[in-house]
Amino acid sequence: MKQIPVYHIDAFTDVSFGGNPAGVIPQAENLTVEEMQQIANELNLPESAFLLPSSHPNVDFKVRYFTPTEEINFCGHATVGLSWLLGTKYNWLDKVDQIVFETNVGLIPVKWIKENNQLVSVSMTQIKPTVKEIEIDKGSIAQLVGIQASDLDDKYPIKLSNTGNWHLLIPVKSREAIDLAEPQLKKLGSLNREQNISTTHLFTFNTEEFDIYTRDFAPGIGIDEDPVTGAANGALAGYLFLEGILSKNQTHQLKIGQGHAIGRPGTLYITITPKNNEPIIEVAGSAVITIEGKINI
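Residues numbered from 1 in each chain as written. Predicted model: local features only at pLDDT ≥ 70, side-chain atom pairs only at ≥ 80, totals over all residues. Heavy atoms only, no water.

Colleague: Explain the pattern of salt bridges to me, and be specific about the residues and the numbers.
Modeller: Considering all chains together, one arrives at 11 salt bridges under this definition. In this structure, the salt-bridge partner of Arg64 is Glu71, at a minimum N-O distance of 2.9 Å. What makes Glu71 partly exposed here is its relative accessible area of 26%. Salt-bridge contacts for Glu225 lead to Arg215; the nearest nitrogen and oxygen are separated by 2.7 Å. Here the residue Glu225 occupies a position in strand β14 (residues 223-226), and Arg215 occupies one in strand β13 (residues 212-218), the gap between them amounting to 10 residues. As far as the burial class goes, Glu225 and Arg215 line up, both buried. A single salt-bridge network, built from bridges that share partners, covers Glu133, Lys159 and Glu243. (Salt bridge = Lys/Arg side-chain N within 4 Å of Asp/Glu carboxyl O. Buried < 20%, exposed > 50% of the residue type's maximum accessible area, 1.4 Å probe, protein only. Helix = DSSP H or I, 4+ residues; strand = E, 2+ residues; numbered from the N terminus.)

As structure tokens, then:
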């Protein structure tokens, strides 16, 4: 029997039981893919991150991500949770200013953000965003995500965006409409699988506390609702830049709120920096180690 250290970490929050929970397995080098999937299923969290050695030059570790049902290419909140663990419990904060992860979608640098020598947040640079069209009836997608067609915000296009996974971005007129959304999860999951979409991401600018407020559904990969989504909000930031919704001539700082509708409020801080007419997307947040122990396999 193997005993594997395992952590339950709440990301994009500074209090336990907020934000988005991730499983983090920092010593996964002796696990098979089947065992990783079994552990992710047993933890039954939106995603779990498994830390592995990497032979890639200029890389510190390789990371693989699993939902309870399948492996995915990238997960933002699990990367934040993993980085927080390495910076605190594993003392990487005292060794370097930045760590680089090899993932299935490319290299993800993560910076430590400190105040008075204490870690306050971690910031990951996501891969270059891309956006593409999707042929979809607005009335049908509104019905699938559980809002009225009149709740859709026609000032912004419904599109797919990617900084590691494809996300279907749905502009909505108000936070209230997003909070009241009751998606048809089975049908939405089928659509997402057909279109190779990881999550369906509702967003609005009509919110007082934040610059943007969002909500995210991912039944196609075994997650009814993802509380606070680093990958999807990074893809949203890329979409806002590439579609010209935000100016391409200046740096943008966005404060995004998510998770409030399901009692797991979280906050993401996103920086969009133009470079050669392309956006560099950095997604930052804090985390809390909620549970630590060992799993027997």
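Still to come is the rest of the account.
Colleague: Go over empty space enclosed by the protein, please, and point to the residues and values.
Modeller: Rolled over the atoms, a probe as big as a water molecule pinpoints where empty space is left. The tally for this structure, following the rule as stated, stands at one cavity of 30 Å³ or more. For the lining of the largest cavity, the residue count by class is five nonpolar, eight polar and two charged. (1 Å grid on protein atoms, 1.4 Å probe; cavity = no way out; pocket = protein on both sides within 12 Å on 5 of 7 lines; lining within 4 Å. Points joined across faces, edges and corners; volume = space filled by probe spheres on them. Nonpolar A, V, L, I, M, F, W, Y, C, P; charged D, E, K, R; others polar.)

Colleague: So, the pairing of strand β3 (residues 47-52): which residues are in play, and what are the values?
Modeller: Remark: a regular strand shows side chains that alternate across the two faces of the sheet. In terms of burial, β3 is a largely internal element, six of the six residues being buried. Burial along β3 is two-sided: the face carrying Glu47, Ala49 and Leu51 and the face carrying Ser48, Phe50 and Leu52 are both buried. Bridge count between strand β2 (residues 20-25) and β3: four bridges; the pairing is parallel. Opposite Ala22, over in β3, you have Glu47 as the bridge partner. At this point the chain moves from β2, through helix α1 (residues 33-43), to the parallel β3, and the crossover so formed is right-handed. (Pairing = 2+ DSSP bridges. Right-handed = clockwise from strand over helix to strand, strands pointing away.)

Colleague: Mind laying out the packing of helix α3 (residues 138-145) against helix α5 (residues 185-195), listing which residues take part and the relevant values?
Modeller: When two helices pack together, their arrangement is captured by the angle between the axes and the distance separating the axes. Running from N to C, α3 and α5 cross one another at 125°; their axes reach a closest spacing of 8 Å. Here α3 lies oblique to α5, going by the angle between them. Contact residues: Ile141, Leu144 and Val145 in α3; Lys187, Leu188 and Leu191 in α5. Partitioned by chemical class, the residues of the contact of α3 with α5 number five nonpolar, no polar and one charged. (Axes fitted to C-alpha atoms, helices over the stretch in contact; angles between N-to-C directions. Parallel < 35°, antiparallel > 145°, perpendicular 65-115°, else oblique. Contact = heavy atoms within 4.5 Å.)

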